[in-house]
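Fold and geometry: a report
Listed below, chain by chain, are the residues.
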Number of protein chains: 4
Amino acid sequence: MMRLDSSAAGLFPIAVTPFTPDGKVCSASVDSMTDFYLSCGATGLTILGIMGEAPKLDLQDSLAITKQVCARAAKIPVIVGVSSPGFAAMASLARGAMERGAAGVMIAPPSNLRTDDQIVNYYAQAIEAIGDDIPVVVQDYPLTLTVVMTPKVLRTIFQNHASCVMLKHEDWPGLEKISAMRGFTADGSMKPISILTGNGGLFLDFEMERGADGAMTGYAFPDMLADVVRLSKAGEREAAHDLFDAHLPLIRYEQQQGAGLAVRKYVLMKRGAIRSDAQRKPASSITAKAKAEVDYLLARLARKDRRAAV
Amino acid sequence: MMRLDSSAAGLFPIAVTPFTPDGKVCSASVDSMTDFYLSCGATGLTILGIMGEAPKLDLQDSLAITKQVCARAAKIPVIVGVSSPGFAAMASLARGAMERGAAGVMIAPPSNLRTDDQIVNYYAQAIEAIGDDIPVVVQDYPLTLTVVMTPKVLRTIFQNHASCVMLKHEDWPGLEKISAMRGFTADGSMKPISILTGNGGLFLDFEMERGADGAMTGYAFPDMLADVVRLSKAGEREAAHDLFDAHLPLIRYEQQQGAGLAVRKYVLMKRGAIRSDAQRKPASSITAKAKAEVDYLLARLARKDRRAAV
Amino acid sequence: MMRLDSSAAGLFPIAVTPFTPDGKVCSASVDSMTDFYLSCGATGLTILGIMGEAPKLDLQDSLAITKQVCARAAKIPVIVGVSSPGFAAMASLARGAMERGAAGVMIAPPSNLRTDDQIVNYYAQAIEAIGDDIPVVVQDYPLTLTVVMTPKVLRTIFQNHASCVMLKHEDWPGLEKISAMRGFTADGSMKPISILTGNGGLFLDFEMERGADGAMTGYAFPDMLADVVRLSKAGEREAAHDLFDAHLPLIRYEQQQGAGLAVRKYVLMKRGAIRSDAQRKPASSITAKAKAEVDYLLARLARKDRRAAV
Amino acid sequence: MMRLDSSAAGLFPIAVTPFTPDGKVCSASVDSMTDFYLSCGATGLTILGIMGEAPKLDLQDSLAITKQVCARAAKIPVIVGVSSPGFAAMASLARGAMERGAAGVMIAPPSNLRTDDQIVNYYAQAIEAIGDDIPVVVQDYPLTLTVVMTPKVLRTIFQNHASCVMLKHEDWPGLEKISAMRGFTADGSMKPISILTGNGGLFLDFEMERGADGAMTGYAFPDMLADVVRLSKAGEREAAHDLFDAHLPLIRYEQQQGAGLAVRKYVLMKRGAIRSDAQRKPASSITAKAKAEVDYLLARLARKDRRAAV
């Protein structure tokens, strides 16, 4: 069985959860979407994240999707989001996911946490609940979760728990945080960890230069994310920025909270990754005007990147 | 099958969820606790509420408790809290609870709701998800949930949905809100609804005088709550206040957020309602000093109300 | 000139700011209110706090009130609330207040602070802005401010700044925090500080027993607060609780956020401390029903404490 | 005297407040900055906004800056941000600003507002406090203020108050809100208003196409904002997007909360608009790495827009 460790790098797309227009999980699209991410150069995959409409799924749905994706993407590690209001549900999902082939789980702090101690204790309790043998990704996403974890707090968590191997970095602004975390490993005060970055890719160009290992986000052109990660690691700075900048108008458009998922699914549908852009209720939607705007952005992008000619 | 309707009144205790010291649901205590509430004069029962550690339970636990309580308290309506981050989990629990004998469900708004329209829409979506044949209690608890529902918004929800039959009133301060809601029914702009009040009972004396139908809260002396409701309805104002005031020092002590549940379970254990005051993790605890303070409050109370001599 | 230090104890009422019905500061009532607090046994006075409608005052108003109160209450230390969104305004008010006879200032953290470091840094910056020669009261009020300061964070602040001499304790639940802070001084890790408690007095009985030095709150019977502090320090536990419990129904009623200030001013007016219960806009108000409820509580209280016969 | 009205359009830069390295307002830079904005094609100017470090200024500072800017930019309307925790301070600043030549004031809702009615009432009270003869800009900025105003609530405010003439649109995502507000005027349910957009310009390309009248934001190339507004109004869609897209990598970089102001001032200093990029304490700062990143972005931008060759 594959297990996530701190050497993880490259592109871990945050997968959407495909639904049929009547709100059922679209099993056919789960397969085609997985194949699409693999063809885009994914080195791992993250499912049931916040953008994956995870809270709209019940346990049965969640485990079925996990099983299907892990089987289809057997060659790469699959991370499963297990954030829950309570540890019982978190542990049920985490253990169930690992049994179905997941390589690790991702845990975000609940939004009522405030003090440094509360955050450190929360991860201790969560890891006690799920077991310390399951690799854990710590999700740092203050913009949505309103929980602020300083670099020192994150270091404490990673030092306290051998099973914590990756930081899903989604602070904003967050470039200095990447530098700070890398500095901890450099000065010997923290073990090496994997850092993958989120925020829809909006700062991926500079995040790589600050020391990130790759991207973990859901932008509808994961192939571009993979390219930018590769170019940046290869030292081809100008080429990385040129490609990134070409996509930035659309990245920016997709990054709108709420509306973003509707745009993302719309583009993924146009690219053939999923059959329908339906969201399970409560759904955000995309107006005719917004669709026309996205189409216009795609048309402009296609002049520089043919993959956008959909 | 019993179904909750707008004539509900009296005392609906918010039941704790009893655990064994090693974190399992204590089945024996579920029965003894149910019997205790019945002996206290409960006219209904609410389980799996926020104070009932519901987020710490998984679906299986939740349904098992529901089944056991509904069987044991077959003569009175049982309301099951089904608030969930997503509608799939909410619907699973709501339907499962009704199949096991529940009389209705209670739904609190998620804390990210802000505008009047968002709140009204949320209840529309929730009721669509669970089905409009399940009686619904609208839980109004801004202190913890940070969602503020004006009387007008509540009226809209009650008028939009025939299945919404009860308001769990827990706004603070909230006396004027009771008057406002009763005014809507008086002026013909809203159907009659049942209003039961929470907040640990801290304002029950005046809530009854403003028109509440009873109490729905978890204070460890539900027999006192039943007495105050009865005395107040009988017009024995002084007697109601005298009894209430005797308990107020302990009510106030139990009302402390976080610490309160530990106090409540400690007193319920002392009264024989449950075998252990254990909470499932993450648990709040009660220090030796706090226990001594509660014991002191009980001793003082026992001079006026013998039920406190435990 | 009197300067606040860590020996401060007893009763520091949080003064209301008296207005005329047309919204002007009522100068005559500023004097009569000060005299009233002195006659109640105040050993200090706090003005321009959150409940003192401070944000509704401009700098000119604030300094005029400070000057008048400091002159009138020349024998006791006066603390001035100087919390501000910016340090320029805070420093202007703090220095202006000290020039007019204040003994110290009170600073609450702004509600956007989250991490331990942010809170510690904020106090460092605030004290740099106002000067480290001004005695400072640290206001810990998470229920309203949403900033959670752990005992360790508070200790760091008190150890970092010699000018920080008092904790306005208003956490809820907060009894364990008093014990923790006293423990720090006992184990030698923190200098002795003064701890005065707020929350409308709702837990004063036990706060004193946990080691508080006194009360700093605005309950409309400050004379009762002074008595409870005195009785508790004299070891007359039963007498302290008996008096406290008699007032608890009204304390509880006054403690309602928003409505509370209207109740407090109404009672203070009835007691002759101020001429009008007017608040400057935006004002909370008290309905006829609420007035009747307060009058009823006063009548019941008067049977046990003649001071309530107003 | 110039007065703001609903015909306002074009570019209203959100001015920074220039400080000397020792924290004093830099009077020379106030002039040079004003001249810079004028030379960039500003058709109006907004000072003392949230990004203008307004909370760090005391009343005296604020009025002095207002006087100086209004005198220097006598040909264009100057809007002054007057948001305050209390109405007394707001009214003092608003009236003082108008006396010194301001054309109108901007008011943001305080972050504790929740319900629709609270928001509507707040603007009614604010306008009563400052007087209904002062033109008002309603600032809608939920990302920072956490207050969510629906289109219907905004319509009510604009219909209730003749003096409300402009919406500072800063919702995110916000394109549909612009369409909704324009729809209200089209269907006759709302008077015509001016809509200027913020968010650092991140969506200006499409905001103009949805019907905005121009930009009100602080991006360090206001000349580019003016160009995009002009090109978009002239129907030169491709040219508008081409220019916008060239700047988007830097716009995005400047948009980082906290860090953004440091970047903005750094670029404005490099462009000669202000002498120092100092912020008054508490200041965000820009590391050497971040400076190198901004310099790199400027170098890349300069290939497409010579104005970036600084």
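Residues numbered from 1 in each chain as written. Chains lettered and ligands numbered in written order. Predicted model: local features only at pLDDT ≥ 70, side-chain atom pairs only at ≥ 80, totals over all residues. Heavy atoms only, no water.

Details of the relation of the copies chain A and chain D
Once chain A is rotated about the relating axis by 180° and shifted along it by 0.0 Å, it coincides with chain D to within an RMSD of 0.0 Å. Taken together, these values place the two copies in the relation of a two-fold axis. Closest approach to the rotation axis within chain A is made by the C-alpha atom of Leu248(A), at a distance of 3.7 Å. Both copies contact each other with a shared surface, as 100% of the interface residues of chain A are interface residues in chain D too. (Least-squares fit on C-alpha atoms with pLDDT ≥ 70 in both. Contact = heavy atoms within 4.5 Å.)

Points about the nonpolar core
Across soluble globular proteins, you tend to see nonpolar side chains buried next to one another. Ile107(A) and Ile107(D) are the most contacted members of the largest nonpolar core, which has 207 residues in total. If sequence neighbours within four positions are ignored, Ile107(D) has contacts with Val82(D), Ser83(D), Met90(D), Tyr122(D), Tyr123(D), Ala126(D), Ile130(D), Val136(D), Val137(D), Val138(D) and Gln139(D). With 204 residues, the next largest nonpolar core counts Ile286(B), Ile127(C), Ile193(C) and Phe203(C) among its residues. (Core = buried A, V, L, I, M, F, W, Y, C linked by side-chain atoms within 4.5 Å. Buried < 20%, exposed > 50% of the residue type's maximum accessible area, 1.4 Å probe, protein only.)

Description of the packing of helix H1 (residues 27-39) of chain A against helix H2 (residues 59-72) of chain A
Residue and element names in this part refer to chain A. As a packed pair, H1 and H2 sit with axes 10 Å apart at the nearest point and diverge in direction by 40°. Relative to H2, the element H1 lies oblique. The handedness of the crossing between H1 and H2 comes out as right-handed. Contact residues: Ser27, Val30, Asp31, Thr34, Asp35 and Leu38 in H1; Gln68, Val69 and Arg72 in H2. Of the residues contributing to the contact of H1 with H2, the split by class is three nonpolar, three polar and three charged. (Axes fitted to C-alpha atoms, helices over the stretch in contact; angles between N-to-C directions. Helix = DSSP H or I, 4+ residues; strand = E, 2+ residues; numbered from the N terminus. Parallel < 35°, antiparallel > 145°, perpendicular 65-115°, else oblique. Left-handed = near helix turned anticlockwise from the far one by under 90°. Nonpolar A, V, L, I, M, F, W, Y, C, P; charged D, E, K, R; others polar.)

Considering the confidence of the model for chain A
Overall, the predicted model of chain A reaches an average pLDDT of 95, with 100% of residues at or above 70. Both confidence scores are given for the complex: pTM 0.94, ipTM 0.96. (pLDDT = per-residue confidence, 0-100.)

Thoughts on the interface of chain D and chain B
Where interface size is quoted, it is often the accessible area lost as the parts come together. At the junction of the two partners, chain D supplies nine residues and chain B supplies nine residues. With both chains or domains summed, chain D and chain B bury close to 840 Å², and 55% of this area falls on carbon and sulfur atoms. Linking chain D to chain B there are two salt bridges. One salt bridge connects Asp117(B) with Lys152(D), and the closest N-O pair in it is separated by 3.4 Å. For the pair chain D and chain B, the number of links is three residue pairs in polar contact (both at pLDDT 80 or more). Considering every element that reaches the side of chain D that touches chain B, the biggest residue donor is helix H4 (residues 116-130) of chain D, with three residues. For the side of chain D that touches chain B, the per-class residue count stands at one nonpolar, four polar and four charged. (Buried area = accessible area lost by both parts, 1.4 Å probe. Salt bridge = Lys/Arg side-chain N within 4 Å of Asp/Glu carboxyl O. Polar contact = N/O pair within 3.5 Å; in protein donor to acceptor, adjacent residues only side chain to side chain.)

A look at the sheet that holds strand S8 (residues 214-215) of chain D
Residue and element names in this part refer to chain D. Across the sheet, eight strands lie side by side as S1-S8-S7-S6-S5-S4-S3-S2; this open sheet has parallel pairing. Each edge of the open sheet carries a strand with a single partner, namely strand S1 (10-11) and strand S2 (45-47). Where strand S4 (residues 104-107) meets strand S5 (residues 136-140), three bridges bridge the pair, whose relative direction is parallel. In the strand pairing of S5, Met106 is matched with Val137. (Pairing = 2+ DSSP bridges.)

Some remarks on the side chain of Arg264(D)
Residue and element names in this part refer to chain D. For Arg264, the position within the fold is in helix H11 (residues 259-270). A polar atom in the side chain of Arg264 sits 2.9 Å from the backbone oxygen of Gly218. Contacts of Arg264, omitting those with residues within four sequence positions, involve Val16, Met51, Gly200, Gly218, Tyr219, Ala220 and Glu254.

Overview of the pattern of salt bridges
If you walk through the whole model with that rule in mind, you get 108 salt bridges over all chains. Here Lys24(A) makes a salt bridge to Asp22(A), at a shortest N to O gap of 3.5 Å. Per residue, the accessibility class of Lys24(A) equals that of Asp22(A), and both read exposed. Measuring nitrogen to oxygen at the nearest pair gives 2.5 Å for the salt bridge that ties Asp223(B) to Arg271(B). Within this pair, whereas Asp223(B) is found in helix H9 (residues 222-233), its partner Arg271(B) is found in the loop between helix H11 (259-270) and helix H12 (288-302), the two being separated by 48 residues in sequence.

Side note on the packing of helix H11 (residues 259-270) of chain A against helix H12 (residues 288-302) of chain A
Residues and elements named next belong to chain A. At their nearest, the axes of H11 and H12 sit 11 Å apart, and the two run at 55° to each other. The angle between H11 and H12 falls in the class oblique. Between H11 and H12 lies a crossing whose hand is right-handed. Of the residues in H12, those in contact with Val263, Tyr266, Val267 and Lys270 of H11 are Lys291, Val294, Asp295 and Leu298. For the contact of H11 with H12, a count of residues per class yields five nonpolar, no polar and three charged.

A look at the interface of chain A and chain D
Each side of the interface is counted separately: chain A has 34 residues, and chain D has 34 residues. For chain A, the biggest contributors to the area lost against chain D are Arg252(A), Tyr296(A) and Arg300(A); these three give 21% of the whole. A salt bridge links Arg303(D) to Glu238(A), with the shortest nitrogen-to-oxygen separation between them at 2.9 Å. At the junction of chain A and chain D, the tally comes to 18 residue pairs in polar contact (both at pLDDT 80 or more). Taken together, the elements giving at least two residues each to the side of chain A that touches chain D come down to helix H7 (175-186), helix H8 (204-210), helix H10 (237-254) and H12 of chain A. Here the side of chain A that touches chain D takes 10 residues from H10(A), the largest share from any one element.

Side note on helix H2 (residues 59-72) of chain B
Residues and elements named next belong to chain B. For H2, with 14 residues, the first-to-last C-alpha span of 20 Å sits near the 20 Å given by 1.5 Å per residue. If you check which residues of H2 are buried, you get Ser62, Leu63, Ile65, Thr66, Gln68, Val69 and Cys70. Each element contacted by the buried residues of H2 is listed here: helix H1 (27-39), strand S2 (45-47), strand S3 (78-81) and helix H3 (87-99). (Expected span 1.5 Å × (residues − 1).)

Description of the packing of aromatic side chains
Counted by the stated rule, this structure contains 26 aromatic pairs over all chains. Ring centres of Phe87(B) and Tyr122(B) lie 5.3 Å apart, and the angle between their planes is 40°; this geometry places the pair in the tilted category. Of this pair, Phe87(B) sits in helix H3 while Tyr122(B) sits in helix H4 (residues 116-130); the two residues are 35 residues apart in sequence, bridging distant segments of the chain. Take Phe87(B) and Tyr122(B): they sit in the same class, and that class is buried. Look at Tyr219(C) and Phe221(C): their rings are 5.7 Å apart centre to centre, the planes differ by 40°, and that puts the pair in the tilted class. In this structure Phe221(C) comes out as buried when scored by relative accessible area, which is 0%. Chaining the aromatic ring pairs together yields one cluster made of Trp172(A), Phe203(A), Trp172(D) and Phe203(D). (Phe/Tyr/Trp six-rings, centres within 6.5 Å; stacked < 30°, edge-to-face > 60°.)

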